[in-house]
Amino acid sequence: MAGDSFANDASRPGAPSARSVALHIRLIVVGTGATAEQLTELGSQLGYGEVRLCDAVPAELDSSDHLIIAEENTEFARVMLAGTAKRELLPAYVGYAAPHAEGIKALVGLVAQRIPKHRLDAISAPAGVDIGAETPTEVAIAVAAELVSVLRGRRGAAPSWRAQARRARSRS
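This one's a predicted model, so the numbers in the text were calculated from it and none came from an experiment.

The rules behind these values
- Think of each chain on its own: its residues are numbered from 1, step by step along the sequence as written.
- At least 70 in pLDDT is required for a residue's local features to be given in this predicted model, at least 80 for side-chain atom pairs to be given and counted, and no such filter applies to totals for whole chains, interfaces and linings, which use all residues.
- Side-chain measures were taken over the full set of non-hydrogen atoms in the model, leaving aside hydrogen atoms and water.
- Only protein chains enter the accessibility calculation, which uses a 1.4 Å probe; a residue is then buried when its area is under 20% of its type maximum, exposed when over 50%, and partly exposed in between.
- Helix numbering and strand numbering both begin at the N terminus, where a helix is a DSSP run of H or I of at least 4 residues and a strand a DSSP run of E of at least 2.
- At least two bridges found by DSSP between two strands are what make those strands a pair.
- Crossover handedness is defined here as right-handed if the route from the first strand over the helix to the second strand goes clockwise, with the strands pointing away from the viewer.
- Whether two residues are in contact is decided by their heavy atoms: any pair within 4.5 Å suffices.
- For helices, the fitted line uses only the C-alpha atoms of the stretch in contact; every axis is such a line through C-alpha atoms, and the angle between N-to-C directions lies from 0 to 180 degrees.
- What a helix is expected to span follows from its residue count: subtract one and scale by 1.5 Å.
- Each residue carries a pLDDT score, the predictor's confidence in it, ranging from 0 to 100.
- Summarising the geometry, the arc corresponds to the directions from the helix axis toward the C-beta atoms.

**With respect to the pairing of strand 1 (residues 26-30)**
- The element strand 1 is largely enclosed, with a buried count of 5 among its 5 residues.
- Of the two faces of strand 1, the one carrying Arg 26, Ile 28 and Val 30 and the one carrying Leu 27 and Val 29 are both buried.
- Pairing between strand 1 and strand 2 (residues 50-54): 5 bridges, direction parallel. Looking at strand 2, one finds that Val 30 is bridged to Cys 54.
- Note on the crossover from strand 1 through helix 3 (residues 34-45) to strand 2: the handedness is right-handed.
- As judged from the 4 bridges shared by strand 1 and strand 3 (residues 66-69), these two strands associate in the parallel manner. If you follow Leu 27 over to strand 3, its bridge partner there is His 66.

**Looking at the sheet that holds strand 1**
- Taking strand neighbours across the sheet as the criterion, the 5 strands line up as 2-1-3-4-5 in an open arrangement whose pairing is parallel. Single-partner strands in this sheet number two, and they are strand 2 and strand 5 (123-124).
- Strand direction decides the pairing type here: strand 3 and strand 4 (residues 93-96), joined by 4 bridges, are parallel. Note on strand 4: the bridge partner recorded for Ile 68 is Gly 95.
- Relative to the sheet, helix 4 (residues 74-86) contacts strand 1, strand 3, strand 4 and strand 5, its axis offset from that of strand 4 by approximately 160°.

**Overview of helix 3**
- If you check helix 3, its first and last C-alpha atoms are 17 Å apart, about what 12 residues at 1.5 Å a residue would give, namely 16 Å.
- Taken together, the buried residues of helix 3 touch strand 1, strand 2, strand 3 and helix 7 (136-151).
- Downstream of helix 3 by a residue or two, Gly 47 has a phi angle that is positive, lying close to 90°.

**Some words on the confidence of the model for the chain**
- Overall, the predicted model of the chain reaches an average pLDDT of 82, with 77% of residues at or above 70.
- Strand 3 holds the highest mean pLDDT among the elements of the chain, 98, whereas helix 1 (residues 6-11) holds the lowest, 34.
- In the model, residues 1-18 has pLDDT below 50 throughout and makes 18 contacts with residues more than four positions away in sequence or in other chains.
- This stretch, residues 160-164, has a pLDDT under 50; its non-local contacts, to residues over four places away or in other chains, come to 11 contacts.

**Quick notes on the environment of Glu 75**
- Tracing the backbone through its elements, the reader meets Glu 75 in helix 4.
- In sequence terms Glu 75 and Ala 106 are 31 residues apart; their C-alpha atoms lie 9.4 Å from each other.

**Looking at helix 5 (residues 100-112)**
- Its 13 residues place the ends of helix 5 19 Å apart at the C-alpha level, agreeing with the 18 Å of an ideal helix rising 1.5 Å per residue.
- Among all positions in helix 5, only Glu 102, Gly 103, Ala 106, Leu 107 and Leu 110 are buried. For helix 5, the angular spread of buried residues about the axis comes to 140°, placing them on one side. Projecting away from the buried face of helix 5 at angles above 90 degrees are the exposed residues Val 108, Val 111 and Ala 112.
- If you follow the buried residues of helix 5, they end up packed against helix 4, strand 4, helix 6 (117-120) and strand 5.
- Within two residues after helix 5, Arg 114 carries a phi angle of roughly 60°, on the positive side.

**Comments concerning the environment of Arg 114**
- For Arg 114, the position within the fold is in the loop between helix 5 and helix 6.
- Sequence separation between Arg 114 and Lys 86 is 28 residues, and the spatial gap between their C-alpha atoms is 9.8 Å.

Right under this line is the structure:
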């Protein structure tokens, strides 16, 4: 409902606030540049238990972590995304903060590397709600909006193009 805040959610009987849910979840933003910095700032406002900005994907990832790759160097970003997709343990959320065309190219690259479908489905690429974001700040806001939906248990609130692609894949 419009006007609801995280604090208001806790006032409803049995409804955990996004902050209480996020308290034990780490947000790990990997990358350099304005988008990564903006995501780190916005993520700290969402109530995560820990927010980290890293140059590379950490070796120690937990299944409850939220990981966003927001690297400006797309080749390096794709290498990190592929490495993450091939890990034995995937974080609860994996997002690739990139322009639409780059996100699709990255997914195609993962398909070419024979990443299993269930792993591809777990990766948001490009990450974020489809609001037509172009600037680093707009991309960060779009990704933060998707993180709110994930924290509130609304994973299905992905951009419509992603949902349509998943439906198309499930029909084939």
